[in-house]
Amino acid sequence: MFVNEKFRYEMPVKIEFGAGKVDHLANYIDEVRGNKVLIVGDQGVLHAGIIEKVEAPLKKANIPYLVFNDIGTEATIESVDKAYQLAEESHCDVVIGVGGGSSLDIAKSVGLLLGNGGDIRNYVGLDKVPTQGNPVIAIPTTAGTGSEITRFSVLSDKTKKVKLSVGSMFNCPTIALVDPELTLTLPPHLTATTGMDALTHALESFVNKETQPISEALSKEAMKLISRSLRLAVVQGENLNARKDMLLASTMAAMAFNTTRLGLAHSLAIPLGAKFNIPHGLVNAILLPEVMRFNLIGNTKKFIEIAEIFGEEIAGLSDREAAERAVNAIKKLNEDIGISQNLSDFHVKEEDLEEVAKEAMLSGNTPINPVKPTVNDLINICKSVMV
Ligand SMILES: [Fe+2]
């Protein structure tokens, strides 16, 4: 079983968690010594009335702000350019990101650029950011990406159909303002897919070669919360306790993988998402059971623990059989929360898979996966979820 005895754990983000926390937003602007705010929020957040909940405490405290909402379903390089230009021209010194991963990743990029200058393209890769940017307050409205915690931003280059990743501890938000009330209106399908993204984070971090006692504890607790509450959050959107569990799970999973990184589901999810427009959480949900099956022999004991966390009866089974129950448990979870899609639903064809697999081999998540894959292994994993 992989658990590293010597390790580094870093978590530079302050976390403010709880229902109604957003009402105290002005205090956090004060805390980061902000004078003028750029709010970055997507259309969904605007239509759900959540932007108003962010604006209200700023208005009350007479804190000047602008709103940037020229954002599609993904965080694009072009949106980052536009938002940064607006922030600079308007002399904003603090950025609030509110929404799913796209809004938060754009907000983080703008904060980074306000502090470091230049072009976001210069910072693509791992540890390419020279210093901490301007303060960013990240307010998630989905319980999945964990972008409010992490050093990673994933940005789309639409012309090249690729996703670019900025990874640096200087890219972490200053404060994660994690308020479960803001997730109450998230529709069932988005609750399901973003919840599976959170689960994939917790699980891939738990079994990969970088796992260590602190991240392991965070992953385990995140999986327990998801096992208890994802189904409920999907079928009872208004259930605040289920929403609290899911948002805490997503936060804790991000605290785990921010240090350890992930595994093959994410290695494949990034190129599949970019080339075929498959939402990130959904493609992870589709891939996860087969990636787990592939990884079983690389960390069998951990998969037995996962089976137990998800309530599988494993008494009397061999280790291998018990570990396989973890795969069944995740398949059952997908079914229960209405995730039944496969790659063919997004027009992925067998002849596309070699390019996807070759790209996935280059991901930083691939060498730390519990089983070292070949290009053919990755193609076979994708083939097994084609239909
Ligand atoms: Fe993810």
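Here, the structure is the one placed above.
A short tour of the structure in this document, coming up. (Residues numbered from 1 in each chain as written. Predicted model: local features only at pLDDT ≥ 70, side-chain atom pairs only at ≥ 80, totals over all residues. Heavy atoms only, no water.)

The coordination sphere of the iron ion contains the protein donors Asp-197 (OD), His-201 (NE2), His-266 (NE2) and His-280 (NE2), at a distance range of 2.1 to 2.2 Å. Geometry at the iron ion is irregular, judged from its 4 donor atoms and the angles of 84 to 170° they form at the metal. The sequence pattern formed by the donor residues of the iron ion is D-x3-H-x64-H-x13-H. With His-266 in helix 9 (residues 264-276) and His-280 in helix 10 (residues 280-295), this pair connects stretches of sequence that are 14 residues apart. What makes His-266 buried here is its relative accessible area of 4%. His-280 sits in the partly exposed class, given a relative accessible area of 24%. (Donors = N, O, S within 2.8 Å, 3.2 Å for Na, K, Ca; no water. Tetrahedral: all angles 85-135°; square planar, octahedral: opposite > 155°, others 65-115°. Helix = DSSP H or I, 4+ residues; strand = E, 2+ residues; numbered from the N terminus. Buried < 20%, exposed > 50% of the residue type's maximum accessible area, 1.4 Å probe, protein only.)

Taken as a whole and assessed by the stated rule, the structure comprises 20 salt bridges. Residue Arg-8 pairs with Glu-10 through a salt bridge whose shortest N-O separation is 2.8 Å. Arg-8 sits in the exposed class, given a relative accessible area of 62%. For Lys-275, the salt bridge identified is with Glu-355, shortest N-O distance 3.3 Å. Of the two residues, Lys-275 is situated in helix 9 and Glu-355 in helix 13 (residues 353-361); the sequence distance between them amounts to 80 residues. Classification of Lys-275 as buried rests on a relative accessible area of 17%. Residue Glu-355 is classed as exposed on the basis of its relative accessible area of 52%. One connected set of salt bridges, linked through shared partners, spans Glu-74, Lys-158 and Lys-163. (Salt bridge = Lys/Arg side-chain N within 4 Å of Asp/Glu carboxyl O.)

Time to look at the side chain of Glu-290. Among the secondary structure elements, Glu-290 is positioned in helix 10. Setting aside anything within four residues of it in sequence, one finds Glu-290 in contact with Lys-331, Ile-381, Ser-384 and Val-385. (Contact = heavy atoms within 4.5 Å.)

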